[in-house]
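Structural overview
Here is how the chains run, residue by residue.
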Amino acid sequence: QVQLVESGGGLVQPGGSLRLSCKASGFVFSSAAMNWYRQAPGKERELVAGITSAGDSTNYADSVKGRFTMSRDNVRNTVYLQILSLKPEDTAVYYCNTRLSRGLRNSADYWGQGTQVTVSS
């Protein structure tokens, strides 16, 4: 039922920009905080950005502050990640995520299929 579908990744030269999108369905999007994670081969998945349900507050990993901007459109049920000044170390699969309550003291994480970002000259 819950579905998250990322798009917008691709091959970009260092210093380039990308805008990732995540289309959500199957839940009340406007009530859900959303997150972007990324995972490079052989590395742990890391949280890079988060946004509140209303889009009035965001947070970012130190490694991406000043370059990544997260936003959302609660009419289109879509969350975005604008990435500027891409670096080779940004190369990873980027995943959209939300955590939804399934009762008292119970919640579940939902993930998209991921979109590949490759930064290379």
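Residues numbered from 1 in each chain as written. Predicted model: local features only at pLDDT ≥ 70, side-chain atom pairs only at ≥ 80, totals over all residues. Heavy atoms only, no water.

Regarding the packing of aromatic side chains
Counted by the stated rule, this structure contains 4 aromatic pairs. Seen in terms of ring centroids, Phe68 and Tyr94 are 6.4 Å apart; in terms of plane orientation they differ by 40°. Their pairing is tilted. Placement of Phe68 in strand β7 (residues 68-73) and of Tyr94 in strand β9 (residues 92-101) is noted, with a sequence separation of 26 residues between them. Of the two residues examined, Phe68 and Tyr94, each falls in the buried class. Between Tyr95 and Trp111 the ring centres are 6.4 Å apart and the planes differ by 90°, which places this aromatic pair in the edge-to-face class. (Phe/Tyr/Trp six-rings, centres within 6.5 Å; stacked < 30°, edge-to-face > 60°. Helix = DSSP H or I, 4+ residues; strand = E, 2+ residues; numbered from the N terminus. Buried < 20%, exposed > 50% of the residue type's maximum accessible area, 1.4 Å probe, protein only.)

Focus on the nonpolar core
Membership of the largest hydrophobic core comes to 29 residues, with the highest contact counts inside it found for Phe27, Met34, Trp36, Met70, Val79, Leu81 and Tyr94. Among the secondary structure elements, those contributing two or more residues to this core are β3 (18-25), β4 (34-39), β5 (46-51), β7, β8 (78-83), β9 and β11 (115-119). (Core = buried A, V, L, I, M, F, W, Y, C linked by side-chain atoms within 4.5 Å.)

Brief notes about the sheet that holds β3
One open sheet holds the 4 strands; their spatial order is β1-β3-β8-β7, and the pairing between them is antiparallel. Each having just a single partner strand, β1 (3-7) and β7 make up the two edges of the open sheet. With strand direction ignored, the average angle separating the axes of adjacent strands in the sheet is 15°. Sheet topology places β3 next to β8; 6 bridges connect them, and they run antiparallel. Looking at β8, one finds that Ser21 is bridged to Tyr80. (Pairing = 2+ DSSP bridges. Axes fitted to C-alpha atoms, helices over the stretch in contact; angles between N-to-C directions.)

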